[in-house]
Amino acid sequence: MADTVTDPVCGMTIRPEDAVAHEEHDGRTFYFCSHACHEAFLKDPHRYGHPED
Ligand SMILES: [Zn+2]
């Protein structure tokens, strides 16, 4: 199974190579399924940037 990541905004599981955008926050890289999710993250990175591990 390929590595997958969770889009922190919508919770969707995606593959990094399928992400339309990515962003670093607190030394971690987050991947987004859509530009809308990316923009939501940029507006409030602290809300989305600390998902449960
Ligand atoms: Zn998303």
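See above for the structure.
Presented here is an overview of the structure given in this document. For clarity, every value in this text was computed on a predicted model and none was experimentally measured.

### Considering the overall build of the protein
A tally of regular secondary structure across the protein gives 2 helices and 4 strands. The linear arrangement of helices and strands in the protein, starting from the amino end, is β-β-β-β-α-α. Compactness check: the protein gives a C-alpha radius of gyration of 10 Å against a globular reference of 10 Å for 53 residues, within 12% of the reference. For the protein, with 53 residues in total, the buried portion stands at 21%.

### With respect to the nonpolar core
Nonpolar side chains tend toward joint burial in soluble globular proteins. With 8 residues, the main nonpolar core is built from Val9, Phe30, Tyr31, Phe32, Cys33, Cys37, Phe41 and Tyr48. Within the residue set of this core, elements represented by two or more residues are strand E4 (28-32) and helix H1 (35-43). Element by element, the count of residues in this core is highest for E4, at 3 residues. Setting aside residues up to four positions removed in sequence, Phe41 forms contacts with Pro8, Val9, Glu23, Phe30, Phe32 and Tyr48.

### Examining unusual backbone geometry
Despite not being glycine, Asp26 has its phi angle at roughly 50 degrees, a positive value. Mapped onto the elements, Asp26 comes out in the loop between strand E3 (21-25) and E4.

### Thoughts on the pairing of E4
Bridge count between E3 and E4: 5 bridges; the pairing is antiparallel. Counterpart to His25 in the pairing with E4 is Arg28. In textbook terms, the turn of a hairpin is the stretch between consecutive antiparallel strands, and for E3 and E4 this stretch comprises 2 residues, one of which, Asp26, has a positive phi near 50 degrees.

### Remarks on the environment of Thr29
For Thr29, the location among the structural elements is in strand E4. Overall, Thr29 belongs to the exposed group, with 11 C-beta atoms counted inside 10 Å. Once the C-alpha coordinates of Thr29 and Gly49 are considered, the two residues, 20 residues apart in sequence, prove to be 9.3 Å apart. Leaving out residues up to four positions away in the same chain, Thr29 has contacts with His22 and Glu24.

What counts as what
Residues numbered from 1 in each chain as written. Predicted model: local features only at pLDDT ≥ 70, side-chain atom pairs only at ≥ 80, totals over all residues. Helix = DSSP H or I, 4+ residues; strand = E, 2+ residues; numbered from the N terminus. Rg over C-alpha atoms; globule rule 2.2 N^0.38 Å. Buried ≥ 20, exposed ≤ 12 C-beta atoms within 10 Å, placed from the backbone. Core = buried A, V, L, I, M, F, W, Y, C linked by C-beta atoms within 7 Å. Contact = placed C-beta atoms within 7 Å. Pairing = 2+ DSSP bridges.

The analysis is restricted to geometry; functional conclusions fall outside its scope.
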